[in-house]
Protein chains: 2
Amino acid sequence: MPVTRVTDRPATPLLDTIHIPADLRKLSEHQVKQVAEELRAETISAVSVTGGHLGAGLGVIELTTALHYVFDTPADRIIWDVGHQAYPHKILTGRRDRIRTLRQGGGLSGFTKRSESEYDPFGAAHSSTSISAGLGMAVARDLDGGRNHVIAVIGDGAMSAGMAYEAMNNAGARHERLIVILNDNDMSIAPPVGAMSAYLARLASGKTYLKLRDIGKQLTKSLGPTIDRTVTRAVEHARGFVTGGTLFEELGFYYVGPIDGHNLDHLLPVLKNVRDADFGPILVHVVTQKGKGYGPAEETEDKLHAVAKFDVVTGTQVKAKANAPSYTKVFGESLVKEAAKDEKIVAITAAMPSGTGVDIFEKVYPARTFDVGIAEQHAVTFAAGLATEGYKPFCAIYSTFLQRAYDQVVHDVAIQNLPVRFPIDRAGLVGADGATHAGSFDVAFLGCLPNMTIMAAADEAELVHMVATAAVHDSGPIAFRYPRGEGVGVDLPAEGVPLAIGKGRIVREGSRIALLSLGTRLAECLKAAEDLGALGLSTTVADARFAKPLDIDLVTRLAREHEVLVTVEEGSIGGFGSFVLHALADRGLLDGACRVRSMVLPDVYLDHDKPEALYARCGLDARGIVAKVFEALGREAVRAGTGALRA
Amino acid sequence: MPVTRVTDRPATPLLDTIHIPADLRKLSEHQVKQVAEELRAETISAVSVTGGHLGAGLGVIELTTALHYVFDTPADRIIWDVGHQAYPHKILTGRRDRIRTLRQGGGLSGFTKRSESEYDPFGAAHSSTSISAGLGMAVARDLDGGRNHVIAVIGDGAMSAGMAYEAMNNAGARHERLIVILNDNDMSIAPPVGAMSAYLARLASGKTYLKLRDIGKQLTKSLGPTIDRTVTRAVEHARGFVTGGTLFEELGFYYVGPIDGHNLDHLLPVLKNVRDADFGPILVHVVTQKGKGYGPAEETEDKLHAVAKFDVVTGTQVKAKANAPSYTKVFGESLVKEAAKDEKIVAITAAMPSGTGVDIFEKVYPARTFDVGIAEQHAVTFAAGLATEGYKPFCAIYSTFLQRAYDQVVHDVAIQNLPVRFPIDRAGLVGADGATHAGSFDVAFLGCLPNMTIMAAADEAELVHMVATAAVHDSGPIAFRYPRGEGVGVDLPAEGVPLAIGKGRIVREGSRIALLSLGTRLAECLKAAEDLGALGLSTTVADARFAKPLDIDLVTRLAREHEVLVTVEEGSIGGFGSFVLHALADRGLLDGACRVRSMVLPDVYLDHDKPEALYARCGLDARGIVAKVFEALGREAVRAGTGALRA
Ligand SMILES: [Mg+2]
Ligand SMILES: [Mg+2]
């Protein structure tokens, strides 16, 4: 079966007439339905070429179309929470011509992005930010005396994050006209969609809405004096129960819904009513299906949440053949092995079981696995609570999402010196997800904390040992970072062996140049050492293994015994390189003959592209490392004839 | 009126017999009431001597007593959220003999602390962590097959934080026996306390509890077939409405309350019922009054939340005479002045209007002031939303609490380069509040972020200029940090003048030694320069003003023209000193004659004590700076006769 054939573009006669949303608004409601169908076909076609997030976008085809039809974008602000469902939005908002560049280097971002379009009033990628941002925009509008609308579209999963609650809690106590659309694609009970409930919702969003409580009072009266105040109040709130929106109402929102998010006959009138209401905030509960309208997505368990390039007819994805297991998988399998030896080991994930490899652990140890939802703050302090009782929690959170739990790491874990283990996946640059997902800062923001131990794996075998190290390190918190993607292909040890805390290793002995690597740049350091050696510069390569505590003996020896010492890492300033510089300065080792340089990620946010391309651009590859060594050696070295490589 | 007289200790015959909670549990319920009275008197007496948090502790006197009477502490875990209400708890749990050392150097912490007592199963100080920690403990207990209880006591204010919601959301979907006590001392409506509601609560917590829904069904039946399914369901949920707990019930908690938290006749039976229930999680809604039982507290608007030493009879506080306005006040007043010139300036606080000085702004510009509650994450992204619409938000959050919003600073502000202003109060060491409140890490965790600009004020006049600088800096985010407490007493400029971005200043010209200060250590640097000068070491002192962007010209000049360059800051490794070292290394300026040293806070959490005492202990005072200079100069300098000071 040929899975790689290029599919024809779908026929999209109406969509072809839409360059910006204003074009859409010229059409009749009947035509809008056809636009939605064409938009779905175009989305599938585009993602089949680029790969990316598919299921979420397909779930909001009708909602996207309806929003741009009913609201006056870009004057009205639509904020897509997370933003990975915004491909159809991009197609409708002037970016269709570039939609097949999604997530490619130089192409469209896989998320909303302010710099990309005036139709993206707020960039996203991490979840649960939209209500806060939207409330800020609504307040600004009212301070300005403006009349535009602000609409935040947020998923049910994103609602589990504390940030969304904080925003609801604040918005509900205020009176700005803010529209929150709860895009609910995960109702555990069969969703009460259909004509009747859509009718109720339309009623609720229309003029009769505000009178429902009065109706409740009337109803109570007619039931007579036998029912007490309890029942009276209950009935007054009855609408909330019909619709399940009581929680939102108690948080101060007007609740509308649930309505069928794939039925434009329901969506359009409700959104119009909501638009024309002169009160707020309003929450519209829209029920959708992830992957809607594309058979292969609807039939797959994950609704084709994120895909590689695929064949449109069959849904078969074109997955690149892996040369080595992913770090994620190595972590998950190693943790399973450690857990077999120690029943106190438990695993925690914040709604990312497969992304973190915790799903591998869960299959073997379901009772020792905890998925707390999109709730990184809670995840970390929950782990801290487990640690106080003698458990050994592995709290697996991506580098960039650990930022969400920074205070919990500081206040609940590090200050109390509790042995929570932090496996940090997606350390360093991540590729197609871009700047929002780059794990650039963890060594800096964790390394400044007393009591923290921080490791970085140079390859997948090292990761196995680091999992074992973390398992036995019970005297305080310990983190270990590793990149997205597959390992370098080294043999995996049968069993992890705990490393000596704070000890690095010499990987290659040399005499004149020293390269001190933290993490998977080690391979590039070794290549650079080859190149330097070929040019007559004998080069030592060391793997620090630990960013903290620093291997002072190793660092001292490297500085004392070499002319040049270069640190290399996949992280920002303020991390490993800074710790080395500080340690050397403290010991007077910067005052001598050794020239020390620190290579870190540049002080800019890097757009999405292949990690290797980005690292090369940053000079964090063998070529860049060699260049840095020559820069440190200076003109004399070049004159001495060892600078040939620079030419 | 003599306000400083030493008050006599209260007579506490029963309390005197209680050394640990087990002693309390030997008493009769009648005696427990007297214990509570004596505990209140002892708390007031102790805080009158030490100062500290008073109102919160007085509000939980009966609750504290009841919890230790009903539960088997320390086997049962009581987690006090925030922990500033835990003084009475400390008195009952073996720490009464040290209670008059609260918050003094070497004395008891003003918060709960694991290292202080086995009765403190989880340390606190930042709010809203208790439910997460408690759920971790409850899960650990169940994994172990244990039978102990876990009780988290959390205030209504702390419930506004997303973290508490994340924990509720997770706990409510699980079935561990976890008891959350909502200590509600801020009901906007008159609290429905009293015998009747306590009776209902006791009922609800007793054996009949689980049958209430059945009763609802019976009731509905008896009303006949005229009422539809809507009303039936409403009545089934009626108990929630009686008590206002529907929100908690929708989050999966069994809700009990509200009950009068000062009436032991209500508290004891309810807590016993809750203790003996074999299901969970349960939320007990307890209504209390902050400052209860102490006239001067009850009569004060802030209920004597935090006090200096005071006279027990009159409540008059002994406040040290200030020599200069506090940085907080200077910030608030400067912002008012800037706001008069620019109507786009708005101020945001996360439930700390007076702590941050935003209350000063609010008095003049109430419509431009936003208190979002304990919700730092939302505060920052709300500010980002305002910034997208052209507003100039000053989002005033303490250094340590800004950790709560780190991802929002990265993802919503810095990546999008939105001009949110971050006034960072409580930068550096803070004194009596200890390690949890120390603002040690902000330069490190913000300085690694591209697009950030970071200033630190050397004195209160500098702060005025930095507020002006932030007001006009509209091209990206900008932060400025300043310490807790009063300024150094310099004259304040009539008007703030924007500083040149990324430019420091030479404060004193010298030739051999250079001291480069960031922040208020500048005064100690100047003292050190005097001492060094007296010893024949001509010393330049510079104020960097900016941690980022770094004044490369200044740093280069200092390194090139001096034998020794020492950076000094009130922050951790990975911050300003690291940026200087990195910049110098990059430019080859560490390879030459200048010896560079970086003085930062040590890699330990420092217990509470006076900031100046702590800084001296860390070597971050004039004496320590001089010592560091001599250490850098080395033995030769000492031999040359300039090392006299070291002796
Ligand atoms: Mg969902
Ligand atoms: Mg309160």
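So, how was this worked out
- Residues numbered from 1 in each chain as written.
- Chains lettered and ligands numbered in written order.
- Predicted model: local features only at pLDDT ≥ 70, side-chain atom pairs only at ≥ 80, totals over all residues.
- Heavy atoms only, no water.
- UniProt positions renumbered as here; feature names shortened; annotations may be inferred.
- Helix = DSSP H or I, 4+ residues; strand = E, 2+ residues; numbered from the N terminus.
- Buried < 20%, exposed > 50% of the residue type's maximum accessible area, 1.4 Å probe, protein only.
- Contact = heavy atoms within 4.5 Å.
- Polar contact = N/O pair within 3.5 Å; in protein donor to acceptor, adjacent residues only side chain to side chain.
- Pairing = 2+ DSSP bridges.
- Right-handed = clockwise from strand over helix to strand, strands pointing away.
- Least-squares fit on C-alpha atoms with pLDDT ≥ 70 in both.
- Salt bridge = Lys/Arg side-chain N within 4 Å of Asp/Glu carboxyl O.

Student: How would you explain the UniProt feature "binding site: Mg(2+)" (unreviewed entry) in chain A if you had to name every residue and give the values?
Tutor: All names here are of chain A. According to UniProt, the "binding site: Mg(2+)" (unreviewed entry) feature falls on D156 and N185. Considering the C-alpha atoms alone, the annotated residues occupy 30 residues of sequence yet fold into one spot, their largest mutual distance being 6.9 Å. Considering the arrangement of structural elements, one finds D156 in the loop between β3 (150–155) and α7 (162–172). Since its relative accessible area comes to 31%, N185 is described here as partly exposed. In contact with N185, other than residues within four places in its own chain, are D156, T288 and K290.

Student: Account for the side chain of H89 of chain A, naming residues and giving values.
Tutor: All names here are of chain A. One can find H89 in helix α5 (residues 87–95). Accessibility expressed as a relative area gives 0% for H89, which makes it buried. A distance of 3.3 Å separates the side chain of H89 from the backbone oxygen of Y119, its partner in a polar contact. Those residues in contact with H89 that lie beyond four places of it in its chain are T64, H68, W80, R95, Y119 and D120.

Student: Break down α5 of chain A for me, citing the residues and quoting the values.
Tutor: Residues and elements named next belong to chain A. Most of α5 sits inside the fold, with 8 of its 9 residues counted as buried. When we look at burial in α5, the residues that qualify are Y87, P88, H89, K90, I91, L92, T93 and R95. Each element contacted by the buried residues of α5 is listed here: α1 (21–24), α2 (29–50), β1 (52–53), α3 (55–59), α4 (61–70) and β2 (77–80).

Student: Describe the pairing of β3 of chain A, naming the residues involved and giving the relevant values.
Tutor: Residues and elements named next belong to chain A. When you tally the buried positions in β3, you get 5 out of 6 residues, the bulk of the element. Relative to β3, β2 runs parallel, the two being bridged by 4 bridges. The residue of β3 that forms the bridge with R77 is V150. Judged from the 5 bridges that link them, β3 and strand β4 (residues 179–184) form a sheet pairing that is parallel. Its bridge partner lying in β4, V153 is registered against I181. Note that the unit made of β3, α7 and β4 has a crossover that is right-handed.

Student: Outline the relation of the copies chain A and chain B, supporting the account with residue identities and numerical values.
Tutor: Mapping chain A onto chain B calls for a rotation angle of 180° and an axial translation of 0.0 Å; the resulting RMSD is 0.0 Å. The superposition of one copy onto the other is thereby described by a two-fold rotation axis. Within chain A, the C-alpha atom positioned nearest to the axis of rotation is that of G162 of chain A, 1.7 Å from it. Residue by residue, 100% of the interface of chain A is reproduced at the interface of chain B, so both copies engage with the same surface.

Student: Go over the pattern of salt bridges with me, naming the residues and quoting the values.
Tutor: Residues and elements named next belong to chain A. Counted under the stated rule, the structure contains 88 salt bridges over all chains. Salt-bridge contacts for R505 lead to E462; the nearest nitrogen and oxygen are separated by 3.8 Å. Taken together, the residues R505 in strand β14 (residues 505–508) and E462 in helix α22 (residues 460–472) connect sequence positions 43 residues apart. For R505, a relative accessible area of 24% translates into the label partly exposed. With its nearest N and O atoms 3.4 Å apart, the salt bridge here joins K503 to D551. Note that K503 is positioned in the loop between β13 (478–481) and β14 and D551 in the loop between β17 (546–548) and α24 (552–561), a separation of 48 residues in sequence. A relative accessible area of 35% places K503 in the partly exposed class. Accessibility expressed as a relative area gives 7% for D551, which makes it buried. One connected set of salt bridges, linked through shared partners, spans D16, E42, R96 and R100.

Student: Got a sec to walk through unusual backbone geometry? Specific residues and values, please.
Tutor: The step from K548 of chain A to P549 of chain A runs through a cis peptide bond, and the omega angle for that step is -5°. Between T73 of chain B and the following residue, P74 of chain B, the backbone shows a cis peptide bond with an omega angle of 5°. Notably, K303 of chain A is not glycine yet its phi reads approximately 55°, a positive angle. Relative to the helices and strands, K303 of chain A is located in the loop between α14 (295–298) and β7 (306–307). Backbone geometry places N451 of chain B, a non-glycine residue, at a positive phi of 80°. Tracing the sequence through the fold places N451 of chain B in the loop between α21 (442–447) and β12 (453–456).

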